[in-house]
Amino acid sequence: MRAVQVPEPEGDFEVVEVDVPEPGPEEVRVSVDACGVCHSDAFLKEGQWPGVEYPRTPGHEVVGHVDAVGERVETFEAGDRVGVGWHGGHCFTCEPCRRGDFIACENGDVTGFDHDGGYAEYLTAPQETLARVPDDLDATAAAPLLCAGVTTFNSLRNSEAEPGDLVAVQGVGGLGHLGVQYASAFGFETVAVSRGTEKRDLAFDLGADHYVDSEAEDPAEALTELGGASVVLATAPHVDAMESVVGGLGVEGTLLTVGVPGEPLSVPVQPLVTSRQSVAGWPSGDARDSQDTLEFSSLRDVASMVETYSLEEADAAYESMMNSEARFRAVIEP
Ligand SMILES: [Zn+2]
Ligand SMILES: [Zn+2]
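Just so you know, these numbers come straight off a predicted model, no measurement behind them.

1. Some remarks on the UniProt feature "domain: Enoyl reductase (ER)" (unreviewed entry) in the protein chain
The UniProt record marks residues 11–332 with the feature "domain: Enoyl reductase (ER)" (unreviewed entry), using the residue numbering of this structure. Secondary structure content for residues 11–332 is 25% helix and 24% strand, while the C-alpha to C-alpha distance between its ends is 19 Å.

Below, the structure is given as structure tokens:
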């Protein structure tokens, strides 16, 4: 089969011919229909993730169908439509796993880091990492829901925000354009915060009630004028952008970050104390969270906007994502 590999840390993508992988006893083999390109793939490509053995095939936004199953797999069979996300397996025995908190597993695997991911015609995945994909979802449009989607869906649904609360989504890109749709569908008074006016009309189309151009006005002041945000979901991996919205939190407001900048975040502590505010983060979710995301997206017509690439164009897909040029998620169709 054809697969894209990162040969070594900071190496260029290479398209290689490798053997089709055989599933282990509790694994399935997935024939990949589409795989999204995520900003976190940069950790692999730039050699910033501990413990990775190279060469490695990236990709953790996979939609495909089951091609073969291991001898102890009973709940999936050939032909089933499935998705594979960031969460690449858990041990079932550590303390978080014993409490069912699989995403916090101390020995967990990450798809495309600890084993090969979806920039390939096939991958194998532990059965506990598979989400079922509703029939009506297009594979290419659904692929980003396995990371960008579940991350925004799951962080917002687990936040303290309630219907009617003011919720801002900072950044209208790969994650943010989904975050705006989920925030709106959850019944929040939804604010999209982005630089410039380019994404204004789109933000309203996606369900935003307000748009804040962070170049034309101070986003913290704008959010305060709207009453103060219960949650600001920070999706862009930029410290400056995150710091610029903290002052727009209301009482008990939370800066909830799912974007991961390389530098530390600096925030004033006094408002955290006087207004009981918090700064928090959220990972993605486990397979059932991914399936919830897919089912909700089907129910409420939440979809990602994608541009598509072949395996051979993985470089271009990656560059488009890294330069924030992708509108709004780059997806590889092997
Ligand atoms: Zn991701
Ligand atoms: Zn565990």
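2. Thoughts on the coordination of the zinc ion (ligand 2)
Protein-derived ligands of the zinc ion (ligand 2) are Cys91 (SG), Cys94 (SG), Cys97 (SG) and Cys105 (SG), with the metal-ligand distances lying across 2.3 to 2.4 Å. The coordination sphere of the zinc ion (ligand 2) comprises 4 donor atoms, whose angles at the metal cover 103 to 120°; the geometry is tetrahedral. Between consecutive donors of the zinc ion (ligand 2), the numbers of intervening residues give the motif C-x2-C-x2-C-x7-C. Of the two residues, Cys94 sits in the loop between β5 (81–84) and α2 (95–98) while Cys105 sits in the loop between α2 and β6 (122–126), which places them 11 residues apart along the sequence.

3. Focus: the coordination of the zinc ion (ligand 1)
For the zinc ion (ligand 1), the protein coordination sphere consists of Cys38 (SG), His60 (NE2) and Cys147 (SG), at 2.0 to 2.2 Å. Between the donor residues of the zinc ion (ligand 1), the gaps in sequence give the motif C-x21-H-x86-C. Here Cys38 is found in the loop between β3 (27–36) and α1 (41–45), whereas its partner His60 is found in the loop between α1 and β4 (62–69), with 22 residues between them in sequence. Relative accessible area serves as the criterion here: at 1%, His60 is assigned to the buried category.

4. Digging into unusual backbone geometry
Glycine aside, residues mostly have negative phi angles, and peptide bonds mostly take the trans form. In the segment running from Tyr54 into Pro55, the intervening peptide bond is cis, with an omega of -5°. A cis amide bond links Arg327 to the next residue, Phe328, at an omega of -10°. Structurally, Phe328 can be placed in the loop between α11 (314–322) and β15 (329–332). Its identity is not glycine, yet Asp301 carries a phi of approximately 55°, on the positive side. For Asp301, the position within the fold is in the loop between α10 (287–299) and β14 (306–309).

5. Some words on the domain arrangement of the protein chain
According to the domain assignment, the protein chain contains domain 1 (2–147 + 284–332) and domain 2 (150–281). Domain 1 puts 23 residues into the contact, and the matching count from domain 2 is 20 residues. For the interface between domain 1 and domain 2, the tally reads 3 salt bridges. Glu198 is the partner of Arg327 in a salt bridge, and the nearest nitrogen-oxygen pair spans 3.2 Å.

Cut-offs applied
- Residues numbered from 1 in each chain as written.
- Chains lettered and ligands numbered in written order.
- Predicted model: local features only at pLDDT ≥ 70, side-chain atom pairs only at ≥ 80, totals over all residues.
- Heavy atoms only, no water.
- UniProt positions renumbered as here; feature names shortened; annotations may be inferred.
- Helix = DSSP H or I, 4+ residues; strand = E, 2+ residues; numbered from the N terminus.
- Donors = N, O, S within 2.8 Å, 3.2 Å for Na, K, Ca; no water.
- Tetrahedral: all angles 85-135°; square planar, octahedral: opposite > 155°, others 65-115°.
- Buried < 20%, exposed > 50% of the residue type's maximum accessible area, 1.4 Å probe, protein only.
- Domains from an automatic or database assignment.
- Contact = heavy atoms within 4.5 Å.
- Salt bridge = Lys/Arg side-chain N within 4 Å of Asp/Glu carboxyl O.

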